[in-house]
Amino acid sequence: MTLDFNPMVSPHREDPHLFYREARAHPPMINPVLGAYMVTRYADLTTVIDDPETYSSAVAVPKIYWNPPEVTEVLQAGNVPETNAVVNEDEPAHHPIRRVFDAGFTGARVRAMLPTMRATAESLIDGFDGRRADLVVGYAVPFVQSVINAIIGFPAEDGERIQQWTDDVNMLWNLLAPLDDRIASARRMADYTVYLQALIDDRRAHRREDLISDLVHGAHGFPGLDDDYVINVVRGAARVAGFDTTRDAITATMLAILQNPDVNSRVRADPAKAIPKVTEEVLRRDAPHRGLFRITTRDTSLGGTDLPAGTMVLLLFGSGNRDETTFPDPDVVDIDRANVRDHLAFGRGLHVCPGAPMARAEIRVALETLIRRLPTLRLADGYEPTYIASYFFRGLETLDVTW
């Protein structure tokens with residue numbers, strides 16, 4: 001038996017939980033669209049995550065050179081490099097790279113970014129026109145862009161082209177995207193490579209307090225990375241992962257607040273206490289990152305399914321986060337859920353998201369500022385949520401509000 005799942009098209013684009021609920025009633029099964037076994041139960045997900053020796057991360061996220069020849073020929077002509085990403089590394093190679101990468105997201109870095117976050121949020125709200133806004137393009141997108149670009153070390157004035165290139169990387173990762181779109185994105189990667197190399201060369205000569213400098217010079221007693229590896233980390237693990245997930249978590253959390261009157265009342269009565277609680281619950285209920293791949297290193301069995309060595313599996317964190325055997329009444333927004341921190345939105349174990357503390361701070365500041373500045377904020381009349389077509393991410397296309 002197989003179960004088809006394609007998050008790019010209806011009905012799974014609008015509501016992947018239709019598939020997740022059905023899939024959790026069965027052991028892991030092959031998905032012919034993706035060529036991988038779907039891992040949807042919480043217990044099976046944690047089994048895989050907690051056993052990196054059996055389930056290698058070498059295939060965690062796709063490589064841009066996994067694309068068809070029409071795409072890879074364009075990349076090769078542009079001298080676009082490809083290395084492993086941090087999330088694709090197994091031990092022992094993973095540890096020294098991860099320790100260098102972690103330097104960009106320390107507690108000190110989070111605290112240092114708070115004034116930038118607050119000033120950015122205030123400025124964006126000041127710029128709202130009238131009494132209606134789309135909190136995706138008008139707030140979450142520019143807010144998260146400003147923060148992640150500053151963390152990485154991108155000049156603020158380059159935000160627009162950085163975002164275009166980031167969208168291109170996402171397109172090249174999306175092996176279900178139209179071929180012509182992937183070819184167009186591949187053509188722009190040559191310019192992105194030249195741009196990143198110039199920043200690397202600058203930081204080698206002039207170290208700053210940013211992630212590029214950490215990656216070039218090393219951190220926590222570990223040496224810096226090769227230039228090609230820095231390029232790959234910055235364009236993928238830092239800029240893509242650091243943007244899409246946080247953008248989508250901000251808007252999903254705001255939507256949950258505005259859709260649930262009891263939650264809304266508690267947030268407005270005590271935002272400092274309620275916003276972190278609702279954030280964790282929405283990270284569980286509406287995980288912004290769909291999941292990661294693994295590949296078996298030996299013959300094994302998972303949830304009653306035999307998996308020969310070399311089998312691809314896709315970890316669907318969004319499904320595990322709504323597994324009723326772990327989270328009772330999983331579709332309900334319950335901000336007092338006792339085990340909410342067991343959610344898998346940021347992964348777990350060896351490859352837990354290094355940017356999770358920064359993301360939580362961004363979500364908190366973005367929401368606190370909105371709630372304080374716009375106390376009568378509500379969903380616009382007639383608004384219905386729709387979701388982006390994405391291989392890896394689960395995010396709102398728009399969030400129309402008024403006040």
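Residues numbered from 1 in each chain as written. Predicted model: local features only at pLDDT ≥ 70, side-chain atom pairs only at ≥ 80, totals over all residues. Heavy atoms only, no water.

*Asks:* Pulling in residues and values, what's your account of the overall build of the protein?
*Replies:* If you tally the helices and strands in the protein, you get 14 helices and 10 strands. Taken against the 2.2 N^0.38 rule, which gives 22 Å for 403 residues, the C-alpha radius of gyration of the protein at 21 Å falls within 12% of a compact globule. Based on the C-alpha atoms only, the size of the protein along its principal axes is roughly 55 × 55 × 45 Å. Burial status across the protein gives 57% buried among its 403 residues. In the protein, once contacts between residues fewer than 6 apart in sequence are set aside, the share between residues at least 24 apart is 72%. Counting every atom, the protein has about 16200 Å² of accessible surface; 52% of that belongs to carbon and sulfur. (Helix = DSSP H or I, 4+ residues; strand = E, 2+ residues; numbered from the N terminus. Rg over C-alpha atoms; globule rule 2.2 N^0.38 Å. Buried < 20%, exposed > 50% of the residue type's maximum accessible area, 1.4 Å probe, protein only. Contact = heavy atoms within 4.5 Å. Areas by Shrake-Rupley, 256 points an atom, 1.4 Å probe, with all protein chains shown as cover.)

*Asks:* Kindly report on unusual backbone geometry, identifying the contributing residues and their values.
*Replies:* Cis geometry marks the peptide bond from Ser 10 to Pro 11, where omega comes out at 0 degrees. Relative to the assigned elements, Pro 11 resides in the segment before helix H1 (17–23). Here the amide bond leading from Glu 91 into Pro 92 is cis, since omega sits at 5 degrees, within 30 degrees of zero. Positive phi values are uncommon outside glycine, yet His 220 reaches one of about 55 degrees. With a phi angle near 45 degrees, Asp 329 is a residue other than glycine that sits in the positive phi range. Exposure remark for Asp 329: the relative accessible area of 60% places this residue in the exposed category.

*Asks:* Please provide a residue-by-residue account of the sheet that holds strand S3 (residues 55–56), values included.
*Replies:* A sheet is described by the order of its strands in space; here 5 strands give the open sequence S1-S2-S8-S5-S3, paired in mixed fashion. Strands at the two margins of the open sheet, each flanked by one partner only, are strand S1 (29–31) and S3. For S3 and strand S5 (residues 291–296), the ladder comprises 2 bridges, and the chain directions are antiparallel. Looking across to S5, one finds that Ser 56 is bridged to Ile 295. Against the sheet, helix H2 (residues 42–49) makes contact with strand S2 (36–39), S3, S5 and strand S8 (312–316), and its axis sits at roughly 120 degrees relative to S8, the strand it touches most. (Pairing = 2+ DSSP bridges. Axes fitted to C-alpha atoms, helices over the stretch in contact; angles between N-to-C directions.)

*Asks:* So what's going on with the environment of Leu 350? Residues and values would help.
*Replies:* Residue position: Leu 350 is located in the loop between helix H13 (317–320) and helix H14 (356–373). For the pair Leu 350 and Arg 13, spaced 337 residues apart in sequence, the C-alpha separation works out to 30 Å. Residue contacts for Leu 350: discarding those within four places in its chain leaves Pro 52, Glu 91, His 94 and Arg 98.

*Asks:* Provide a residue-level description of the pattern of salt bridges, including the pertinent values.
*Replies:* Here the idea is simple: oppositely charged side chains can pair when their charged atoms come close. Across all of its chains, the model carries 32 salt bridges by this definition. A salt bridge links Arg 322 to Asp 286; the nearest nitrogen and oxygen atoms lie 3.0 Å apart. Note that Arg 322 is positioned in the loop between H13 and H14 and Asp 286 in the loop between helix H12 (271–285) and S5, a separation of 36 residues in sequence. Residue Arg 322 shares its accessibility class with Asp 286, and that shared class is buried. (Salt bridge = Lys/Arg side-chain N within 4 Å of Asp/Glu carboxyl O.)

*Asks:* So what's going on with the packing of aromatic side chains? Which residues, and what values?
*Replies:* Per the stated rule, a full pass over the model turns up 13 aromatic pairs. Arranged with centres 4.5 Å apart and planes meeting at 15 degrees, the rings of Phe 5 and Phe 19 form a pair that is stacked. In this pair, Phe 5 is assigned in the segment before H1 and Phe 19 in helix H1, connecting sequence segments 14 residues apart. Phe 5 gets classed as buried once you look at its relative accessible area, which sits at 1%. For Phe 19, a relative accessible area of 2% translates into the label buried. Counting every residue linked through ring pairs, the aromatic cluster contains Phe 128, Tyr 139, Phe 143 and Trp 403. We note Arg 284 situated over the ring of Phe 327; from NZ or CZ to the ring centre the distance is 5.5 Å. Directly above the ring of Tyr 387 sits Arg 394, whose terminal nitrogen or CZ lies 3.5 Å from the centroid. (Phe/Tyr/Trp six-rings, centres within 6.5 Å; stacked < 30°, edge-to-face > 60°. Lys NZ or Arg CZ within 6 Å of the ring centre and 35° of its normal.)

*Asks:* Which residues make up H2, and what are the values?
*Replies:* Judged by how many residues are buried, H2 sits mostly within the fold: 6 of 8 residues are covered. Taken together, the buried positions of H2 are occupied by Tyr 42, Asp 44, Leu 45, Thr 46, Val 48 and Ile 49. On its buried face, H2 is in contact with S2, S3, S5, strand S6 (300–302), S8 and H13.

*Asks:* So what's going on with the nonpolar core? Residues and values would help.
*Replies:* Phe 143 and Met 254 are the most contacted members of the largest nonpolar core, which has 110 residues in total. By residue number, the principal contributor to this core is helix H10 (residues 227–259), which donates 16 residues. Residue contacts for Phe 143: discarding those within four places in its chain leaves Met 117, Thr 120, Ala 121, Leu 124, Ile 250, Glu 362, Val 365 and Ala 366. (Core = buried A, V, L, I, M, F, W, Y, C linked by side-chain atoms within 4.5 Å.)

*Asks:* I'd love a proper account of the packing of H12 against H14, names of residues and values included.
*Replies:* Between two packed helices, the angle of one axis relative to the other and the distance separating the axes together describe the packing. Where H12 meets H14, the axes come as close as 10 Å, and the angle between the chain directions of the two elements is 125 degrees. Here H14 runs oblique to H12, going by the angle between their axes. In the crossing of H12 with H14, the sense of the turn from one axis to the other is right-handed. The segment H12 lies against H14, with Ala 272, Ile 275, Thr 279 and Glu 280 engaging Arg 360, Ile 363, Arg 364, Leu 367 and Glu 368. (Parallel < 35°, antiparallel > 145°, perpendicular 65-115°, else oblique. Left-handed = near helix turned anticlockwise from the far one by under 90°.)

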